[in-house]
Each structure stands twice: as C-alpha cells, then as structure tokens.
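Here are the chains, one letter per residue:
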Amino acid sequence: MIAELYRNMLGAKSVIRETFAYGSRRAEEIGYENVFDYSLGNPSVPAPDKLTERLISLLETKSPAELHGYSPTLGNQEAREAVAKSLSDRFHMDYKAEHIFMTNGAASSIAHALRAVTVPGDTVLTFAPYFPEYQPYVTLAGLNLKIVPPDLGRFQMDFEKLEDMLTEDVSAVLINTPNNPSGTAYTTETLEEMAEILRKKEAEYGHDIYVISDEPYREIIFTGADSPYPASIYDRTITCYSFSKSLSIPGERIGYVAVSPRCPDAGLLIDMCGQISRGIGHNCPSSLIQMAVKDVLNETADLSVYETNMNLLYDKLMELGFVCVKPQGTFYMFPKALEEDAGAFCMRAREYDLLLVPGDTFGCPGYFRISYCVDTEKVKRSLSAFERLAESYR
C-alpha cells in the first residue's frame with residue numbers, strides 16, 4: 001500500500017525549488033547571465049584551498065578502508081575531538097568528544113535532536129519567519145509545530161507571545177540564528193530573556209524544555225552584529241551545525257550535534273543519537289569528509305562577499321522606498337513587498353527576470369526573501385531591474 005502521507009506531500013512542493021526550476025528554464029531562453037535568480041540558498045563562493053589540499057592529501061596517503069569505510073556510530077573520534085576543542089576555544093565552554101555527534105548536515109542534526117528530547121505528541125515552538133522545512137522535520141517526527149508570530153519591527157522575539165504559547169506540552173524550542181530568511185541574529189538581550197522565560201516555565205511545569213539551535217549560518221555574521229552563542233546562555237541547548245555555508249560544501253552533507261556540556265544529560269543524549277540513527281537512516285556520514293573538515297575547522301570560504309552583496313541590495317532597496325530590517329548575517333534579506341500579496345509581487349518581479357520567493361511559506365505573508373549568494377557583478381546588474389520593478393508600482 002502506498003503511504004498516503006507522503007503522496008499527499010507531492011501537492012505541496014517547495015516554492016523555493018519551483019522558483020529555482022523556473023529560473024533554469026528561463027536561463028535556457030535568455031542566458032544565465034540575464035536571469036537574476038535570488039531563489040536558492042546555494043553558496044556561491046568556492047571552498048577554501050586548504051580543504052581541497054587536505055582532501056587531495058588524504059586520497060593520496062590514506063588506505064581505501066580508512067577513506068571509504070564506515071565511521072564509528074557516533075562519528076570519527078578525531079573529528080569529534082577537534083570539533084569539541086574548536087567550540088571550547090571559541091566560546092569558552094568545556095566541550096569534550098562525548099558531547100559531539102557527527103551528522104549528515106544540519107537537517108540530520110535537527111532530526112536527531114528532535115527525537116532525543118521529545119515523545120510523539122509533544123509540541124515544538126519556533127519563531128516566524130522560519131525555514132519552511134521545519135514543518136516536515138517536526139511533524140514527520142510525530143510532533144506538533146507551533147509558530148510564534150513575528151516581531152515585524154526587528155525580527156527578534158515577541159516575548160509576550162512566546163510566554164503565552166509555552167504551554168505544558170512544549171518540550172523544545174527550535175531557533176535559527178542568524179536567521180533564514182530574515183538575516184537577523186538574535187542578540188544577547190533576546191537570548192537571555194528567552195532563557196529566563198524557559199527556566200521559569202520549566203519550574204512551573206516540572207519538566208525540561210530544550211533549545212534546539214539551528215546554526216548553519218553561524219560564521220556569516222556582518223560587521224558590528226551582536227550574535228552570541230546560544231549554548232553559552234541556556235544550558236539545555238542542543239546545537240545543530242552544518243559546514244555547508246562556512247566551507248561552501250553543501251553537497252558534502254556534513255555537520256554535527258553538540259550538546260552543551262552544562263546540560264546534565266549531555267553524554268546520554270549523544271549516546272542516544274547513535275541509536276536514533278538506526279531508525280532514521282542518517283548514520284555514518286562520509287569518513288573522508290569527516291577526516292577533511294577536522295583539519296580545517298578554523299577556515300572558511302571568502303564569506304565577505306555576502307556582506308558586500310547585502311550592502312549593495314539593502315542600500316538600493318532603501319533608496320527605492322522598500323521597508324526592510326537590515327540583515328546582520330547569512331546571505332538572505334526579507335523586505336516587505338510593494339503590495340499585500342507577496343506571491344503576486346514575486347510573479348510581477350519575474351517580468352524583470354528577478355526571481356524572488358514570497359514570504360508566506362516562511363510564516364510572514366506580505367514579505368519576500370532575497371537569497372543573494374550570487375556573484376557581486378550580477379548583483380550590481382540586477383539593481384536596475386529592482387528599479388524598474390519599483391517604478392511599476394508608482
């Protein structure tokens with residue numbers, strides 16, 4: 001018998017992927033250089049040379065069994081030790097290898113974290129605007145996802161609404177900072193207030209509430225931004241990380257779960273992740289990639305390109321009269337559309353070969369996302385298209 005749940009999902013395909021597919025067809029008609037595709041968050045800068053050099057060295061010096069064999073259940077021990085040391089050095093926390101579980105990227109990390117600290121039927125909270133894939137991540141784990149409405153003024157947190165929605169069935173709060181799609185980074189003040197509310201609710205309800213912190217954009221932080229490490233503020237934090245953006249290697253699918261060493265059940269939760277893998281098929285990420293990334297943990301791709309692109313776009317949009325919270329990181333921005341229906345706005349943008357994503361799917365109708373991980377030269381050429389789009393509304 002066919003699984004109706006997944007068959008029904010075919011009718012709700014990703015608007016991001018649909019827009020990207022349209023862009024590919026349009027590029028065949030008029031040339032890739034003439035399509036300003038701001039739809040997909042695919043890193044545009046090359047991976048660092050040190051990563052390439054390390055991969056070549058491994059291929060030339062290690063045995064096939066080491067390179068291509070299964071890694072231990074919890075991941076390559078040296079990689080876990082290196083990740084723990086890097087986190088401890090950067091954030092002044094006492095991570096050890098037993099607090100780290102290697103995964104197939106951030107999505108896999110979230111899949112493990114959700115199952116480690118919930119039981120089917122529990123509620124998970126997240127904040128709009130939010131990454132739309134959180135819906136299947138949460139609901140297909142047998143959980144209920146509830147969305148805290150957005151603070152449209154700053155895209156921080158609306159604490160009054162958070163407190164109202166933190167009912168007794170909530171076992172985890174899923175945060176994403178810096179945020180996709182807004183580019184906002186939660187400030188120290190925001191995270192401290194959230195932590196205080198969670199501790200109060202834990203005492204009231206008599207059970208733990210975990211923070212699952214989705215951090216694939218941690219390294220893409222812009223000048224002057226206040227972007228603290230959430231696990232340093234709230235002890236029951238499970239950090240979910242991917243090297244996709246920092247090293248520009250999304251296709252390699254490598255990341256980790258890091259449970260705060262201040263969490264009383266840290267070691268237990270990591271051991272549990274190894275058992276969760278047995279049920280969801282995310283076990284044993286690539287041995288080769290684990291060996292490679294452990295030696296380049298202090299390297300990144302040239303992430304400065306994204307701040308350059310952000311400033312070009314933000315300044316132009318402000319000049320044209322758009323309303324937008326200035327991004328503090330990532331390679332996204334989330335302006336308000338020039339009409340109430342963001343879907344209609346994005347369809348009109350296609351007339352100027354601007355491919356934008358409406359904000360409805362992110363929990364914020366009336367807004368749209370720009371993913372500016374494209375060549376800076378192309379960003380500059382797109383500015384006149386934004387001018388013509390804005391003019392069409394005058």
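Criteria and cut-off values
- Residues numbered from 1 in each chain as written.
- Predicted model: local features only at pLDDT ≥ 70, side-chain atom pairs only at ≥ 80, totals over all residues.
- Heavy atoms only, no water.
- UniProt positions renumbered as here; feature names shortened; annotations may be inferred.
- 1 Å grid on protein atoms, 1.4 Å probe; cavity = no way out; pocket = protein on both sides within 12 Å on 5 of 7 lines; lining within 4 Å.
- Points joined across faces, edges and corners; volume = space filled by probe spheres on them.
- Helix = DSSP H or I, 4+ residues; strand = E, 2+ residues; numbered from the N terminus.
- Nonpolar A, V, L, I, M, F, W, Y, C, P; charged D, E, K, R; others polar.
- Axes fitted to C-alpha atoms, helices over the stretch in contact; angles between N-to-C directions.
- Parallel < 35°, antiparallel > 145°, perpendicular 65-115°, else oblique.
- Left-handed = near helix turned anticlockwise from the far one by under 90°.
- Contact = heavy atoms within 4.5 Å.
- Pairing = 2+ DSSP bridges.
- Phe/Tyr/Trp six-rings, centres within 6.5 Å; stacked < 30°, edge-to-face > 60°.
- Buried < 20%, exposed > 50% of the residue type's maximum accessible area, 1.4 Å probe, protein only.
- Disulfide = S-S within 2.5 Å.

With an unreviewed UniProt entry as reference, the protein is termed Aminotransferase, source organism Ruminococcus gauvreauii. UniProt, in the comment section headed Sequence similarities (unreviewed entry), describes the protein in these words: "Belongs to the class-I pyridoxal-phosphate-dependent aminotransferase family." Annotation of the protein in UniProt includes, under Cofactor (unreviewed entry), the sentence "pyridoxal 5'-phosphate".

Caption draft 1: Inspection of empty space enclosed by the protein at higher detail. Going through the model one piece at a time under the given rule, you end up with 1 cavity of 30 Å³ or more. Looking at the largest cavity, its volume works out to about 40 Å³. Lining the largest cavity are T126, F127, P129, Y130, Y134, L174, I175, N176, N179 and Y186. The dominant element in the lining of the largest cavity, judged by the number of residues it contributes, is strand β5 (residues 170-176), at 3 residues. A breakdown of the residues in the lining of the largest cavity according to their chemical character gives 7 nonpolar, 3 polar and no charged.

Caption draft 2: Examining the UniProt feature "domain: Aminotransferase class I/classII large" (unreviewed entry) in the protein more closely. Mapped onto this structure's residue numbering, the UniProt feature "domain: Aminotransferase class I/classII large" (unreviewed entry) falls at residues 41-385. Helix makes up 39% of residues 41-385 and strand 14%. Its end C-alpha atoms lie 20 Å apart.

Caption draft 3: Broad picture of the packing of helix α6 (residues 105-116) against helix α10 (residues 266-280). In contact at an axis separation of 9 Å, α6 and α10 are set at 110° when each is read in the N-to-C sense. Classed by the angle they form, the pair α6 and α10 counts as roughly perpendicular. Here α6 and α10 pass one another in a crossing that is right-handed. Every residue of α10 that contacts α6 at A111, H112, R115 and A116 is listed here: L269, M272, C273, I276, S277 and I280. Taken together, the residues of the contact of α6 with α10 sort by class into 7 nonpolar, 2 polar and 1 charged.

Caption draft 4: Quick look at the sheet that holds strand β7 (residues 237-242). The strand order across the open sheet formed by 7 strands is β2-β8-β7-β6-β5-β3-β4, and the pairing between neighbours is mixed. Because the sheet does not close on itself, it has two edges, and the strands there are β2 (100-103) and β4 (144-148). Neighbour to neighbour, the strand axes of the sheet diverge by 20° on average, direction disregarded. Where strand β3 (residues 123-127) lies against β5, 4 bridges are found, and the strand directions are parallel. What sits directly across from T126, in β5, is L174. Set on the sheet, α6 makes contact with β2, β3, β6 (210-214), β7 and β8 (255-259); between it and β7 the angle comes to about 160°. Packed onto the sheet, α10 meets β2, β6, β7 and β8 and runs at close to 25° relative to β2.

Caption draft 5: Spatial organisation of the packing of aromatic side chains. Counted by the stated rule, this structure contains 22 aromatic pairs. Arranged with centres 5.2 Å apart and planes meeting at 85°, the rings of Y241 and F243 form a pair that is edge-to-face. For the pair Y241 and F243, a shared accessibility class is recorded, and that class is buried. Cluster of aromatic residues (ring-pair linked, three or more members): F155, F334, F362 and Y367.

Caption draft 6: Region of interest: the state of the cysteines. One pass over the structure, following the stated rule, counts 0 disulfides. No disulfide involves C364; its nearest neighbouring cysteine sulfur is the one of C324, lying 12 Å away. Among the residues examined, C364 registers a relative accessible area of 2% and is labelled buried. C373 carries a free sulfur, and the closest cysteine sulfur to it, the one in C324, is 16 Å from it.

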